[in-house]
Amino acid sequence: MSLLAHLTRLSTLANIELTEKQKQQLVGYVELLDKWNKAYNLTSVRDPQQMLIRHIMDSIVVNGQLKGTSFIDVGTGPGLPGVPLAIVRPDSHFVLLDSLGKRVRFLKQVQHELGLSNIEPVQFRVEEYQPEIGFDGVISRAFASLSDMLNWCHHLPKSSGKFYALKGVVREDELSDLPNPFSIDSITELKVPDLDEQRHLVILSLK
């Protein structure tokens, strides 16, 4: 099955509507990831068909939960979940933050080749990055424990902003170990088509 046909099937199963342009961009991103992965070792997922499930769908299933138009993806790696979300949210702006130069170089290439004007790849350690204006949402995927995420990223959202943590299994000890003054808004189980593993979205905010 072609990548485009596979993506169409997966998005239909997830009840996610994508334009033809968005499908082409998402497939283009997977092709770039596959091409650069050989030299840059960006992801342990080697099969482009699996990338559609584990990277693309795994990222965009949270789209309906995000509120606002300005986001920062901390520890973005090769752009996950920021690039897929930027493609499906063309009216939102995403800062893609990573400390490794090779990943940021890859993201600049993605920005150029896919014509994504709403992403901003930035090379910084998260605790040293000081935005001029706070974000509506701080997003992380498999980045750190909830406690570490909040401690390192507490300066990034605006006062009404949210933290969005994409997790596999949510552990009880992580939930009980939150630093003050943060609280959990919700924990949502996510369904990713063709993925037989647990996925959750934890949304947190300042009390």
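The following refers to the structure shown. (Residues numbered from 1 in each chain as written. Predicted model: local features only at pLDDT ≥ 70, side-chain atom pairs only at ≥ 80, totals over all residues. Heavy atoms only, no water.)

What follows deals with the overall build of the chain. Helix and strand content of the chain: 7 helices and 7 strands. Listed by position from the N terminus, the elements making up the chain come as α-α-α-β-α-β-α-β-β-α-β-α-β-β. The C-alpha radius of gyration computed for the chain amounts to 16 Å, which stays within 12% of the reference 17 Å derived for 207 residues, consistent with globular compactness. With the principal axes as the frame, the chain shows a C-alpha extent of 50 × 35 × 30 Å. A burial count over the chain gives 53% of its 207 residues as buried. For the chain, restricting intrachain contacts to residue pairs at least 6 apart in sequence, the fraction spanning at least 24 positions comes to 65%. Each charge sign in the chain was given a centre, from 22 positive and 25 negative side chains, and these centres are 3 Å apart. (Helix = DSSP H or I, 4+ residues; strand = E, 2+ residues; numbered from the N terminus. Rg over C-alpha atoms; globule rule 2.2 N^0.38 Å. Buried < 20%, exposed > 50% of the residue type's maximum accessible area, 1.4 Å probe, protein only. Contact = heavy atoms within 4.5 Å. Lys, Arg positive; Asp, Glu negative; His and termini not counted. Charge placed at Lys NZ, Arg CZ, Asp CG, Glu CD.)

Let us look at the pattern of salt bridges. For the coordinates displayed, the defined rule picks out 16 salt bridges. Ionic pairing is found between Arg54 and Glu197, a salt bridge with its closest N-O pair at 2.6 Å. In this pair, Arg54 is assigned in helix H3 (residues 48–60) and Glu197 in the loop between strand E6 (182–189) and strand E7 (200–206), connecting sequence segments 143 residues apart. Assessed through its relative accessible area of 25%, Arg54 is described here as partly exposed. For Glu197, a relative accessible area of 36% translates into the label partly exposed. Here the salt bridges share partners, and the residues they tie into one network are Arg54, Asp58, Arg141, Glu197 and Arg199. (Salt bridge = Lys/Arg side-chain N within 4 Å of Asp/Glu carboxyl O.)

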